[in-house]
Amino acid sequence: MGKYELILADADETIFDFAMTERTAMDRLVQELSGDVPEEVLRAEYHRINGAIWKEVELGTMDTRRLRAERFRRLFDALGLGHSPDDFGERFISYLSTGTFLLEGAEEFCRTVSARIPIIIVTNGIADVQRSRIERSAVRPYIRDIIISEEVGASKPDARMFDAAFAAAGRMDRSRVLMIGDSLSSDILGGMRYGIDTCWVNPRGLPNTLPDAPTYQIKSIAELSDGMT
Ligand SMILES: [Mg+2]
């Protein structure tokens, strides 16, 4: 692993515990909508709709500006609720923006690795949410730059995200760059197409569904702290 001179790291479920952030934000939303619909139904429907809408973002058929209200429009339609999707969309953004929970070992990884080589975060997400969370988090001092899809105007696996990271890093040999992430369809496929090595964070041991294998596969970013230094 010592050959790398730049690390591109996905944010959510790679360094940040987004599941926790989302759960905390959902808890507030559930309280506000309590009585309207059973909690389990609300959570399950939200996850189904949100998962589908982020796939549309990866495919380029949905953008994150529209997504904010659209996921609540679909949720309220599915549940027959008459609330304002715009209002709840923005409220949810503000709840998500405060979630800085890190995955175990992530802070140590960023601290040790950044002492030797730069780390750039490359994330598909809503700019307000991601920037606010990353800026307030404990890993901020170790991150050279933050590339967010909403600001780039394209989402991983699109090469423009990697172009933006390379532009931020300065001249860099692709063989010396590693992309680390938990998503096969955005992080790993994007890295492969860009011609850089990839490291798949796969905590549940899911099967690889891509035609090629990632360069490395790990259960958690904590496994990398030793190998990188
Ligand atoms: Mg991720």
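Residues numbered from 1 in each chain as written. Predicted model: local features only at pLDDT ≥ 70, side-chain atom pairs only at ≥ 80, totals over all residues. Heavy atoms only, no water.

(A) Representation of the packing of helix H8 (residues 159-169) against helix H9 (residues 184-194) in the model. Remark: H8 packs on H9, axes separated minimally by 9 Å, with the N-to-C direction vectors making an angle of 70°. The orientation of H8 with respect to H9, classified from their angle, is roughly perpendicular. On H9, the residues touching Ala159, Phe162, Asp163 and Phe166 of H8 are Asp187, Gly190, Gly191 and Tyr194. Among the residues forming the contact of H8 with H9, the class breakdown is four nonpolar, two polar and two charged. (Axes fitted to C-alpha atoms, helices over the stretch in contact; angles between N-to-C directions. Helix = DSSP H or I, 4+ residues; strand = E, 2+ residues; numbered from the N terminus. Parallel < 35°, antiparallel > 145°, perpendicular 65-115°, else oblique. Contact = heavy atoms within 4.5 Å. Nonpolar A, V, L, I, M, F, W, Y, C, P; charged D, E, K, R; others polar.)

(B) Structural context of the packing of aromatic side chains. Counted according to the given criterion, the structure contains eight aromatic pairs. With a centroid separation of 6.3 Å and an interplanar angle of 80°, the aromatic rings of Tyr4 and Tyr216 are classed as edge-to-face. Of this pair, Tyr4 sits in the segment before strand E1 (6-9) while Tyr216 is found in strand E6 (residues 216-218), placing the two residues 212 residues apart along the sequence. Residue classification places Tyr216 among the partly exposed residues on the basis of a relative accessible area of 23%. Summarising the aromatic geometry, the rings of Tyr46 and Phe92 are spaced 5.3 Å apart at their centres and angled 65° between planes, so their arrangement reads as edge-to-face. One end of the pair, Tyr46, is in helix H2 (residues 39-59); the other, Phe92, is in helix H4 (residues 85-96), and 46 residues separate them in sequence. (Phe/Tyr/Trp six-rings, centres within 6.5 Å; stacked < 30°, edge-to-face > 60°. Buried < 20%, exposed > 50% of the residue type's maximum accessible area, 1.4 Å probe, protein only.)

(C) The arrangement of the domain arrangement of the protein chain in detail. Taken domain by domain, the protein chain comprises domain 1 (6-16 + 102-228) and domain 2 (19-96). The straight-line distance from the C-alpha centre of domain 1 to that of domain 2 is 26 Å. In this assembly, 14 residues from domain 1 lie in contact with 13 residues from domain 2. By the criterion of area lost to domain 2, the three top residues of domain 1 are Ile126, Val129 and Glu150, representing 42% of everything that side buries. For the pair domain 1 and domain 2, the interface holds three salt bridges. Between Arg65 and Glu150 there is a salt bridge, with its nearest N and O atoms 3.3 Å apart. On the surface where domain 1 and domain 2 come into contact, there are seven residue pairs in polar contact (both at pLDDT 80 or more). Secondary-structure elements contributing two or more residues to the side of domain 1 that touches domain 2 are helix H6 (127-136) and H9. Considering every element that reaches the side of domain 1 that touches domain 2, the biggest residue donor is H6, with three residues. Partitioning the side of domain 1 that touches domain 2 into residue classes produces three nonpolar, six polar and five charged. (Domains from an automatic or database assignment. Buried area = accessible area lost by both parts, 1.4 Å probe. Salt bridge = Lys/Arg side-chain N within 4 Å of Asp/Glu carboxyl O. Polar contact = N/O pair within 3.5 Å; in protein donor to acceptor, adjacent residues only side chain to side chain.)

(D) A look at the layout of surface pockets. Taken as a whole, the largest pocket spans an internal volume of roughly 1200 Å³. Lining the largest pocket are 41 residues, with Asp12, Glu13, Phe18, Asp182 and Ser183 sitting closest to its centre. Breaking the lining of the largest pocket down by element, the ones donating at least two residues are helix H1 (18-33), H2, H6, H9 and strand E5 (197-201). Tallying contributions element by element places H2 first for the lining of the largest pocket, with eight residues. Its residues assigned to classes, the lining of the largest pocket shows 15 nonpolar, 13 polar and 13 charged. (1 Å grid on protein atoms, 1.4 Å probe; cavity = no way out; pocket = protein on both sides within 12 Å on 5 of 7 lines; lining within 4 Å. Points joined across faces, edges and corners; volume = space filled by probe spheres on them.)

(E) Looking closely at the nonpolar core. Counting 27 residues, the largest nonpolar core has Ile7, Ile15, Phe109, Cys110, Ile119 and Ile180 as the members making the most contacts within it. Mapped onto this core, the elements with two or more residues apiece are E1, helix H5 (106-114), strand E2 (119-123), H6, strand E3 (145-148), strand E4 (177-181) and E5. For this core, the element with the most residues is H5, which contributes four residues. In contact with Ile15, not counting residues within four places along its chain, are Ala9, Asp10, Leu102, Leu103, Ala106, Cys110, Ile121, Val139 and Ile221. Among the nonpolar cores identified, the runner-up in size contains 26 residues, and Val57, Phe72, Phe76 and Leu96 belong to it. (Core = buried A, V, L, I, M, F, W, Y, C linked by side-chain atoms within 4.5 Å.)

(F) Structural view of the pattern of salt bridges. Counted by the stated rule, this structure contains 21 salt bridges. Note that Asp27 and Arg43 form a salt bridge whose closest N and O atoms lie 2.6 Å from each other. A residue pair is termed long-range when its members are at least 10 positions apart, and Asp27 in helix H1 and Arg43 in helix H2 qualify at 16 residues. According to the relative accessible area criterion, Asp27 is partly exposed, its value standing at 37%. In this structure, Arg48 and Glu45 form a salt bridge, with 2.8 Å as the shortest nitrogen-oxygen distance. With Arg48 and Glu45 both in helix H2 and three residues apart, this pair spans about one turn of that helix. Of the residues examined, Glu45 reaches a relative accessible area of 18% and is grouped as buried. Among the charged side chains, a salt-bridge network with shared partners connects Arg65, Arg68, Glu90, Asp128 and Glu150.

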